[in-house]
Amino acid sequence: MAVSERIVLGIDPGLAHTGWGVLQQTGHRLGCIAYGCITTPASMALEQRLLKIRNQIHAVITKFNPCCVGIETVWFGQNITAAFATGQARGAALVACAEGGLEVGEFSPNEIKLAVVGEGLAEKEQVQYMVGQILGLPQPPHPDHAADALAAAICFTTHRSVLSPERLAL
């Protein structure tokens, strides 16, 4: 049975720092193409921060042409204000993904950690280390927001088959 290739985008949304990562999947093999972090200062007006996130995610999509995206859901912990800000950043990123026609997979932080580390309560350093190992990087990706984005992309590959639904029916 033939397998196809795909480019997968991962996003770790945040108003101050939105991590992004792009990987290539060929069958079960994963390789890192690029990663980075979009930073918006608190001194910038909210609407301008959201526009910057949308525009830079759009630029990543235009440059690397992914077909799908794994994005972290918002975790409502103790800080509701931070969760709302993250939700707004996530919305700006999702708009860029919708404009690019990407298939979207949404995953909780625990699902992403489980897919990468094997433990849903893993620490950030463990995630960074395992992302580097899975993708064969010479060192763990930095900053941690970019590593989390790559982890979201890896999670997408474990949850969404690279085979088309037609091939899966064979």
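Residues numbered from 1 in each chain as written. Predicted model: local features only at pLDDT ≥ 70, side-chain atom pairs only at ≥ 80, totals over all residues. Heavy atoms only, no water.

Some details on the packing of aromatic side chains
Operational definition: Two rings from Phe, Tyr or Trp (for Trp, the six-membered ring) form a pair when their centres sit within 6.5 Å of each other. Planes less than 30 degrees apart are called stacked, planes more than 60 degrees apart edge-to-face, and all others tilted. Secondary structure elements are defined from DSSP: runs of H or I of at least 4 residues count as helices, runs of E of at least 2 residues count as strands, and each element is numbered from the N terminus. Exposed residues in this analysis have more than 50% of their type's maximum accessible area, buried residues have under 20%, and partly exposed residues fall in between, with area computed by a 1.4 Å probe over protein chains only.
Following the criterion strictly, the structure yields two aromatic pairs and no others. The interplanar angle of 35 degrees and the centroid separation of 6.2 Å between the aromatic rings of Trp20 and Phe64 together place this pair among those described as tilted. Here Trp20, found in strand E2 (residues 17–26), pairs with Phe64, found in helix H1 (residues 46–64); they are 44 residues apart in sequence, far enough to count as distant. Each of the two residues, Trp20 as well as Phe64, counts as buried. Summarising the aromatic geometry, the rings of Phe107 and Phe156 are spaced 6.4 Å apart at their centres and angled 85 degrees between planes, so their arrangement reads as edge-to-face. Of this pair, Phe107 sits in strand E5 (residues 103–107) while Phe156 is found in helix H5 (residues 144–159), placing the two residues 49 residues apart along the sequence.

Concerning the confidence of the model for the protein chain
Counted only if it meets this: Known as pLDDT, the predictor's per-residue confidence is scaled from 0 to 100. Any two residues whose heavy atoms approach within 4.5 Å are treated as being in contact.
Averaged over all residues, the pLDDT of the protein chain equals 91, while 91% of them reach at least 70. The least confident element of the protein chain is helix H6 (residues 165–168), whose mean pLDDT is 41; the most confident is H1, at 98. For residues 164–170, every residue scores under 50 in pLDDT, and the model assigns this stretch six contacts once sequence neighbours within four places are set aside.

Re the sheet that holds strand E4 (residues 68–72)
Basically, it comes down to this: Strand pairing is assigned whenever DSSP detects at least two bridges linking the two strands. The axes are straight lines fitted to the C-alpha atoms, using for helices just the contacting stretch, and the angles between their N-to-C directions are given from 0 to 180°.
Strand order in this open sheet of five strands is E3-E2-E1-E4-E5, and the pairing throughout is mixed. In the strand order of this sheet, the two ends are held by strand E3 (29–39) and E5, each with one partner. Recorded for the sheet is a direction-independent mean angle of 20 degrees between the axes of neighbouring strands. Note that E2 and E3 share 10 bridges and pair antiparallel. In the sheet register, His17 faces E3, and the bridge partner there is Thr39. Its contacts with the sheet place helix H3 (residues 109–117) against E4 and E5, and it is angled at close to 95 degrees to E5.

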